[in-house]
Amino acid sequence: MDKADYQSLEAYSRGEMSALELRRRLDEATYGDIPRLPSEASLPLPRAPTAGREAQIERARAWMSPRMSRDLKLFVVDTGPLIPLATARP
């Protein structure tokens, strides 16, 4: 990896460059390479910016899961068959 590629990875890691722009700068990089390459260069993956995007994120959540409430509660009623499995040893 040359210096220009590493600088592009650093910019992507800081959130200053999109994954599409990084692919363009790295020529033959695939979308599968995007999470792997920063890791191999000991750089963290960028965090998605949320400041100023709260309304957009809320609309996306509502669109993707319209029937799901914000607080999902799960009740396990019949745990009888699970108890022997939990205590079994291989």
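Just so you know, these numbers come straight off a predicted model, no measurement behind them. (Residues numbered from 1 in each chain as written. Predicted model: local features only at pLDDT ≥ 70, side-chain atom pairs only at ≥ 80, totals over all residues. Heavy atoms only, no water.)

Chemist: What should I look at first to understand the packing of aromatic side chains in this one?
Modeler: Each aromatic ring pair is characterised by the separation of its centres together with the angle its planes make. Evaluation of the coordinates by the stated rule reveals zero aromatic pairs. Of note, Arg23 hangs over the ring of Tyr31, and the distance from its end group to the ring centre comes to 4.1 Å. (Phe/Tyr/Trp six-rings, centres within 6.5 Å; stacked < 30°, edge-to-face > 60°. Lys NZ or Arg CZ within 6 Å of the ring centre and 35° of its normal.)

Chemist: Would you mind showing me how to read the confidence of the model for the protein here?
Modeler: Interpreting fine coordinate detail is not advised for predicted regions of low pLDDT. On average, residues of the protein score 80 in pLDDT, and 87% of them are at 70 or above. Within the protein, helix α5 (residues 82–87) has the poorest average pLDDT of any element, 73, and helix α1 (residues 3–13) the best, 90. (pLDDT = per-residue confidence, 0-100. Helix = DSSP H or I, 4+ residues; strand = E, 2+ residues; numbered from the N terminus.)

Chemist: Help me understand the pattern of salt bridges in this model?
Modeler: Oppositely charged side chains may form a pair once their charged atoms are brought near each other. Under the counting rule described, the total for this entry stands at four salt bridges. Note that Glu21 and Arg25 form a salt bridge whose closest N and O atoms lie 3.1 Å from each other. Note that Glu21 and Arg25 are positioned in helix α2 (residues 19–25) at a spacing of four residues, about one turn of the helix. Given the relative accessible area of 28%, Glu21 is considered partly exposed. (Salt bridge = Lys/Arg side-chain N within 4 Å of Asp/Glu carboxyl O. Buried < 20%, exposed > 50% of the residue type's maximum accessible area, 1.4 Å probe, protein only.)

Chemist: Got a minute to help me understand the environment of Arg47 in this structure?
Modeler: Inspection of the secondary structure puts Arg47 in the loop between α3 (33–40) and α4 (54–64). Separated by 33 residues in sequence, Arg47 and Arg14 have C-alpha atoms that sit 8.2 Å apart.

Chemist: Would you explain a nonpolar patch on the surface in this entry?
Modeler: Together, Leu74, Val76, Leu82 and Leu85 make up a nonpolar patch on the protein surface, roughly 470 Å² of accessible area in all. For Leu85, the location among the structural elements is in helix α5. (Patch = residues over 30% accessible without salt bridge, like charges linked within 9 Å, V, L, I, M, F, W, Y side chains within 5 Å. Areas by Shrake-Rupley, 256 points an atom, 1.4 Å probe, with all protein chains shown as cover.)

Chemist: Hey, could you run me through the side chain of Ser13 in this one?
Modeler: Assignment of secondary structure puts Ser13 in helix α1. Excluding anything up to four places from it in sequence, Ser13 contacts Leu43, Pro44, Leu45 and Pro46. (Contact = heavy atoms within 4.5 Å.)

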